[in-house]
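Okay, here's what each chain looks like letter by letter:
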Amino acid sequence: MNLLEISYNHIKYPIQLDQCKVLIGNNHPLKYLLMKTLFHIIEKESFSDYEEEHNTSASVLFNEQKLEAKRWSCYLAHAWFDFNEDIKLGSKSLLTQYTESALREIEFEDSFNMLNQSIQALNDDFIQEKTSKQVGNYNLDISLKGINIKNLVKMLQARILLDDCEIIDNDLDYFSKIKFQFILVNSIAKKNMEKNFLVVVEVSSLNEETYDYLTKEIAKNMYILILTDDLRCKVDYHNIAIIGKEFIDLNDECALFEKMIVEYGIENDTDALISKLNELFSNPIANKTEIYRFMYQ
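Remember, predicted model here, so these are calculated numbers, not experimental data.

### What to know about the sheet that holds strand S16 (residues 247-249)
Right, on to step 1. Sheet architecture is open: six strands sit in the order S6-S11-S13-S3-S15-S16, paired in mixed fashion. Where the open sheet ends on each side, the last strands, each with one partner, are strand S6 (72-77) and S16. Ignoring strand direction, the axes of neighbouring strands in this sheet form an average angle of 15 degrees.
Right, on to step 2. Across the sheet, helix H1 (residues 28-42) is in contact with strand S3 (20-24), S6, strand S11 (196-202), strand S13 (222-228), strand S15 (240-243) and S16; its angle to S6 comes to roughly 145 degrees.
Right, on to step 3. The sheet contacts of helix H7 (residues 174-191) involve S6, S11 and S13, and relative to S11 the element is tilted by about 175 degrees.

### Comments concerning helix H4 (residues 94-102)
For the α-helix, the turn length of 3.6 residues means that residues three or four positions removed from each other point alike.
Right, on to step 1. When H4 is considered as a whole, its buried residues turn out to be Leu94, Leu95, Thr96, Thr99 and Ser101.
Right, on to step 2. Buried-residue contacts for H4 involve S6, helix H3 (83-86), helix H6 (149-155) and H7.
Right, on to step 3. Sitting at the amino-terminal end of H4 is Ser93, which places a side-chain oxygen 3.1 Å from the backbone nitrogen of Leu95.

### Some points on unusual backbone geometry
Excluding glycine, a negative phi dihedral is what most residues carry, and trans is how most peptide bonds are arranged.
Right, on to step 1. We note that Asn9 has phi near 50 degrees; this positive angle belongs to a residue other than glycine.
Right, on to step 2. By the secondary structure assignment, Asn9 is in the loop between strand S1 (2-8) and strand S2 (11-17).
Right, on to step 3. Residue Asn9 is classed as partly exposed on the basis of its relative accessible area, which comes to 33%.
Right, on to step 4. At Asp164, a residue that is not glycine, the phi angle is positive and equals roughly 65 degrees.
Right, on to step 5. Within the secondary structure, Asp164 sits in the loop between strand S9 (160-162) and strand S10 (165-167).

### Regarding the pattern of salt bridges
Right, on to step 1. All chains considered together, the criterion is met by nine salt bridges.
Right, on to step 2. For Lys31, the salt bridge is made with Asp229, and the minimal N-O distance between the two is 2.8 Å. You can see Lys31 sitting in helix H1 and its partner Asp229 sitting in the loop between S13 and strand S14 (230-232), a full 198 residues away along the chain.
Right, on to step 3. The class for Lys31 is buried, based on a relative accessible area of 7%.
Right, on to step 4. For Asp229, a relative accessible area of 34% puts it in the partly exposed group.
Right, on to step 5. Between Lys177 and Asp169 there is a salt bridge whose closest N-O contact spans 2.7 Å.
Right, on to step 6. A relative accessible area of 7% places Lys177 in the buried class.

Conventions we followed
- Residues numbered from 1 in each chain as written.
- Predicted model: local features only at pLDDT ≥ 70, side-chain atom pairs only at ≥ 80, totals over all residues.
- Heavy atoms only, no water.
- Pairing = 2+ DSSP bridges.
- Helix = DSSP H or I, 4+ residues; strand = E, 2+ residues; numbered from the N terminus.
- Axes fitted to C-alpha atoms, helices over the stretch in contact; angles between N-to-C directions.
- Contact = heavy atoms within 4.5 Å.
- Buried < 20%, exposed > 50% of the residue type's maximum accessible area, 1.4 Å probe, protein only.
- Polar contact = N/O pair within 3.5 Å; in protein donor to acceptor, adjacent residues only side chain to side chain.
- Salt bridge = Lys/Arg side-chain N within 4 Å of Asp/Glu carboxyl O.

What follows is the structure, given as structure tokens:
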């Protein structure tokens, strides 16, 4: 079990996870605070003058080590992602990162080397002959650049197709857009095992199909936080954290005992605690009212 600890102004929010944690609840200000702190740290953003004046502090630790950009990449998958813009393959585009990772070994391909040899032959046999000019000791040299992974990606055209027809961002349904982002990041992670990847997935309602998609065959170096307001599938309670009136990781027995004693009158009894949690989250739809009371009262 790993420990992701997000701290803001000396208040710690510990999240215990193997590879995936579902953060359920509609305390959106707290969700926002956690994600703002996470991306602030990983992207090395500076504190504003206001934050410095008020001695704001923030940190993110993974197994007691700081998250650093050279060892970690952090992504947010959500429904408002703009594929129309991303598909232009700009320098920070998710699709650009994906294609660079997917094609990282292309320079070892014979056809790639043959392409560069053809470019060199075209330079020697035609381009330089037709464009070369000399003024005194000065020579004008014009030639085609050789192909490498960076400029090759700039030459690519990316499209999303449905039934052999090109579609635009608005044609993607809600869950497909989120899954598309996730599968791209998962592929990037599998090609870059020297780094760790943290993916935050925002989904309004988590159903069984989406949960299975997000948790099966994921890269070993990738960790997932799923933010949702509504749980509609069975999830092992160890993999759930509550972001309601207060923050509680259901894998934190000490915090749970306090909650269960107050809410349900259950004494410090591990078996009773586990039984109640299994009852609540084995069928979250049927127990929705009680889960709501557990989270928000």
